[in-house]
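# Structure assessment
Single-letter residue listing:
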Amino acid sequence: MKKIIPFLLLTIFSFACAFGPLAPVATPTPAHTQTETVTPQPTATPVLPTLTFTLTPTLVGLKSPTPTLENSATPEPLATSPLPTLLLPPTESVKLEGFLYVTIASTEIYKAKGCQPSTVRVTAQVENINVVGYVLLFARFKSLKAERASKWTSIPMIPFGAGTYLLDLSSDQMLEDAYFETAWIEYQVVSTTQSGVENGRTGIYKERLKMLECDPTPTPTSANVIP
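Quantities reported herein were computed from a predicted structural model and do not represent experimental measurements.

When their charged atoms lie close together, side chains carrying opposite charge are able to pair. On inspection of all chains with the given rule, the structure shows six salt bridges. A salt bridge links Lys-111 to Asp-177, with the nearest nitrogen and oxygen atoms 2.7 Å apart. Here Asp-177 lies in the loop between strand 8 (164-170) and strand 9 (183-192) and Lys-111 lies in the loop between strand 3 (108-110) and strand 4 (119-126), a separation of 66 residues in the sequence. Look at Lys-111 and you get buried, because its relative accessible area is 10%. The salt bridge involving Arg-201 is made with Glu-198; its shortest N-O contact spans 2.8 Å. Judged by relative accessible area, which is 42%, Glu-198 ranks as partly exposed.

Following this line, the structure appears as structure tokens:
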């Protein structure tokens, strides 16, 4: 009996050495792992405006107004060449057989061409365009104070169109110009056919057009006299 007890104690001691202590062993805590957090970089994204749509209500049964001449745009007039202005005399006391009118552009001209105006435009409108072939202006000098007059000068007038005839008359176109310095210029207009047959004649226009003496040399004054 005494031999069994030491044997049991030896067996128990050997078992304890083989399996170690029975107390729980502490579990080691894993080391902390550092995690890098990546911050996203801003990107250039365009900011688009918010589109706002306004709905226009459609009225059922409403008709658009019909354009009228008042609402329509007035077209621009085309540029045209202006026609000559033909002025009728207010009162015509001279006979106008075969003519509608005879006018002059001014009532005074100067002799020769040293002073202006030295010409006057005479305008005549025939009554019947189809039968007139030529229009002639007859002119002469008439003294301002005496009964003396020059010979008649016949000058063809220039056709302008629509039965209108023109002539720029000057004193040097007339006969006996050298004998008159100042005078009335009397004139008369005659129309003929192509063959020369007279078919129209006005009366004589008297004391309507005056020719003045031309003195192109200025009168001496204290401003232009050289001592």
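Another aspect to go through is the state of the cysteines. A full pass over the atoms with the stated rule returns one disulfide. Each disulfide pairs two cysteine sulfurs, and for Cys-115 the partner residue is Cys-214, the sulfurs being separated by 2.1 Å. Negative torsions about the S-S bond denote left-handed disulfides, and the value of about 80° found for Cys-115 with Cys-214 makes this one right-handed. Linking Cys-115 in the loop between strand 3 and strand 4 with Cys-214 in the segment after strand 11 (210-212), this pair joins segments that are 99 residues apart in sequence. Look at Cys-214 and you get buried, because its relative accessible area is 18%.

Criteria and thresholds
- Residues numbered from 1 in each chain as written.
- Predicted model: local features only at pLDDT ≥ 70, side-chain atom pairs only at ≥ 80, totals over all residues.
- Heavy atoms only, no water.
- Salt bridge = Lys/Arg side-chain N within 4 Å of Asp/Glu carboxyl O.
- Helix = DSSP H or I, 4+ residues; strand = E, 2+ residues; numbered from the N terminus.
- Buried < 20%, exposed > 50% of the residue type's maximum accessible area, 1.4 Å probe, protein only.
- Disulfide = S-S within 2.5 Å.

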